Amino acid sequence: MDDVAPDAPAPQATTPLEATDVVAGLEAVRHRIRQAAQDSERDPASVALVAVSKTIPAEGILPALEAGQRVFGENYVQESKAKWPALRARFPDVELHLVGPLQSNKAREAVELFDVIHGLDRLSLAAALAKEIERVGRAPKLLIQVNTGDEPQKGGVSPSAVDTLLSECRDTHGLAIQGLMCIPPAEAPPSPHFALLARIAHAHNLPILSMGMSADYPAAIQMGATHVRVGTAIFGARPPKG
Ligand SMILES: *Cc1c(COP(=O)(O)O)cnc(C)c1O
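For the structure given in this document, a descriptive report is provided here. Predicted model, so just to flag it, every value in this text is computed and none were measured.

Our focus in this paragraph is the site of the ligand. Taken together, the neighbourhood of the ligand is formed by 13 residues, with Lys54, Ser214, Gly231, Thr232 and Arg238 sitting nearest. The separation between an oxygen atom of the ligand and a polar side-chain atom of Thr232 is 2.5 Å. One nitrogen or oxygen atom from the side chain of Arg238 is found 2.8 Å from an oxygen atom belonging to the ligand. Taken by itself the ligand offers 390 Å² of open surface, and the protein chains cover 90% of this. Across the shell around the ligand, the residue classes break down as six nonpolar, four polar and three charged.

Here is the structure:
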């Protein structure tokens, strides 16, 4: 290591994918979505691919846009504000989803920027969103995140509390809720969690089911996902959090 030239570029944790790799990844994911839908006798058009582009710089997202992908997911409000206005100026029909947790003090920026917010999981956030939707005059679709594994460290409302949060959102804040989202426990088989989410959504007549990530989206489609959130399988591995 000592003989590396002093002006050599610092090694990166992960090498950004080439544009051709992004397009190939996108094609492969689309193909598996069609296949999984057909295997379950579902219309492939009933499954939306949310391409999760968190931590990917604009130039890494462009190949996906140029290949026709229009639905994207992000985790961080500030990062999205830095990346998406310029990309949207070029691709005005982009649909932007906030899939990560949302702090109430970012509710206004989230309402201004996103078309769908997946992480509604508490009444205080519902109140903040209702206030900003009124003030901004723009109403993103809202999904309640359900902590299907009741994991203490994870966001989302307990399955047993969905009922209450739903009626409070509607009755107290006049918020329409369009669906449910979950992230199953990392070490457990995901299908029972997807099935549970589907049952709760069905019981409440909620049309959107946001479930399934790179490791498990075919299983989620089998259980009725209308939106799969796929990052790594399209854009490659992200640098470790830190
Ligand atoms: C990062 C993230 C994804 C995408 O995960 P991959 O495993 O990279 O496909 C999906 N949903 C949420 C909530 C995420 O934070």
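To continue, consider unusual backbone geometry. Notably, Glu41 is not glycine yet its phi reads approximately 55 degrees, a positive angle. One non-glycine residue with positive phi stands out, namely Asp150, at about 45 degrees. Looking at the secondary structure, you find Asp150 in the loop between strand S5 (141-145) and helix H6 (162-173).

Now for the pattern of salt bridges. What the rule picks out here adds up to twelve salt bridges. For Lys83, the salt bridge goes to Glu74, with nearest N and O atoms at 3.0 Å. Each member of the pair, Lys83 together with Glu74, is buried. Residue Arg138 is joined to Asp115 by a salt bridge in which the shortest nitrogen-to-oxygen separation is 2.8 Å.

Let's shift gears to the pairing of S5. Working note: regular strand, side chains alternate between the two faces of the sheet. For S5, the buried fraction is high: four of the five residues fall into the buried class. The pairing of strand S4 (residues 116-120) with S5 spans three bridges and is classified as parallel. Among the inter-strand pairings, Ile117 is bridged to a residue of S5, identified as Leu142. Between the parallel elements S4 and S5, the chain passes through helix H5 (residues 123-136) in a crossover that is right-handed.

What follows deals with the packing of aromatic side chains. Counted by the stated rule, this structure contains one aromatic pair. Relative to Trp84, the ring of Phe72 has its centre 5.0 Å away and its plane inclined at 45 degrees; by these criteria the two rings are tilted. Separated by twelve residues along the polypeptide, Phe72 in strand S2 (residues 71-74) and Trp84 in helix H3 (residues 77-90) bring together distant segments of the chain. Phe72 gets classed as buried once you look at its relative accessible area, which sits at 0%.

Before going further, it helps to spend a moment on H3. Here H3 spans 20 Å end to end across 14 residues, near enough to the 20 Å set by a 1.5 Å rise per residue. Listing the buried residues of H3 in full gives Val77, Ser80, Lys83, Trp84, Leu87 and Arg88. On its buried face, H3 sits against helix H2 (58-66), S2, strand S3 (95-98) and helix H4 (107-113).

A disulfide bridge is the covalent bond that connects two cysteines by way of their sulfur atoms. The tally for this structure, following the rule as stated, stands at zero disulfides. Among the cysteines around Cys169, which has no disulfide bond, Cys182 carries the closest sulfur, lying 18 Å off.

Over its 14 residues, H5 extends 20 Å from the first C-alpha to the last, a length consistent with the 20 Å expected when each residue adds 1.5 Å. Taken residue by residue, H5 has Leu125, Ala126, Ala128, Leu129, Ala130, Glu132 and Ile133 as its buried positions.

This brings us to the side chain of Ser53. Structurally, Ser53 can be placed in the loop between strand S1 (48-52) and H2. Taking the relative accessible area as the measure of exposure, Ser53 reaches 0% and is therefore buried.

Right, let's talk about the packing of H5 against H6 for a bit. Geometry of a packed helix pair, given as the angle between the helix axes and the separation of the axes. Close contact between H5 and H6 brings their axes to 10 Å; oriented N to C, the two are set at 30 degrees. For the pair H5 and H6, the sense of crossing is right-handed. Across the interface between the two elements, Leu123, Ala126, Ala127 and Ala130 from H5 touch Leu165, Glu168, Cys169 and His173 from H6. Residues that form the contact of H5 with H6 fall into these classes: six nonpolar, one polar and one charged.

What counts, and where the lines are drawn
Residue numbers here run from 1 along each chain, matching the order of that chain's written sequence. Only residues with pLDDT of at least 70 get local features here, since the model is predicted, and only at 80 or more are side-chain atom pairs given and counted; chain-wide, interface and lining totals rely on the full set of residues. In computing side-chain values, all of the structure's heavy atoms are included and hydrogens and water are not. Near, as used in this document, describes a residue that has one of its heavy atoms within 4 Å of the molecule or strand being considered. Each polar contact in these results corresponds to two N or O atoms within 3.5 Å; when the atoms are within protein, one needs to be able to donate a hydrogen and the other to accept it, and residues that are neighboring in sequence are counted only if both atoms are side-chain atoms. For every accessible area listed, the method is Shrake-Rupley and the probe measures 1.4 Å; residues are considered covered only by the protein chains on display. Following the grouping adopted for this structure description, the nonpolar residues are Ala, Val, Leu, Ile, Met, Phe, Trp, Tyr, Cys and Pro, the charged ones are Asp, Glu, Lys and Arg, and the polar ones are all others, Gly among them. Counting from the N terminus, the helices are DSSP H or I runs at least four residues long and the strands are E runs at least two residues long. The salt bridge criterion pairs a side-chain nitrogen of Lys or Arg with a carboxyl oxygen of Asp or Glu, the two atoms within 4 Å. Using a 1.4 Å probe on the protein chains alone, a residue whose accessible area is under 20% of its type maximum counts as buried, one over 50% counts as exposed, and one in between counts as partly exposed. Here, a strand pair is defined by DSSP locating no fewer than two bridges between the strands. Orient the strands so they point away from the viewer, and a crossover whose first-strand-to-second-strand path over the helix runs clockwise is right-handed. Classification of ring pairs rests on two measures: the distance between centres of Phe, Tyr or Trp rings, Trp counted by its six-membered ring, which must be within 6.5 Å, and the angle between planes, read as stacked under 30 degrees, edge-to-face over 60 and tilted in between. By definition here, a helix of n residues has an expected span of 1.5 Å times n minus one. The contact criterion used is simple: two residues touch if any of their non-hydrogen atoms lie within 4.5 Å. Throughout, a disulfide means two cysteine sulfur atoms within 2.5 Å of one another. Lines fitted to C-alpha atoms define the axes, with helix axes restricted to the stretch in contact, and inter-axis angles between N-to-C directions lie between 0 and 180 degrees. Should the near helix be turned counterclockwise from the far one by less than a right angle, the crossing is left-handed, whereas a clockwise turn marks it as right-handed.

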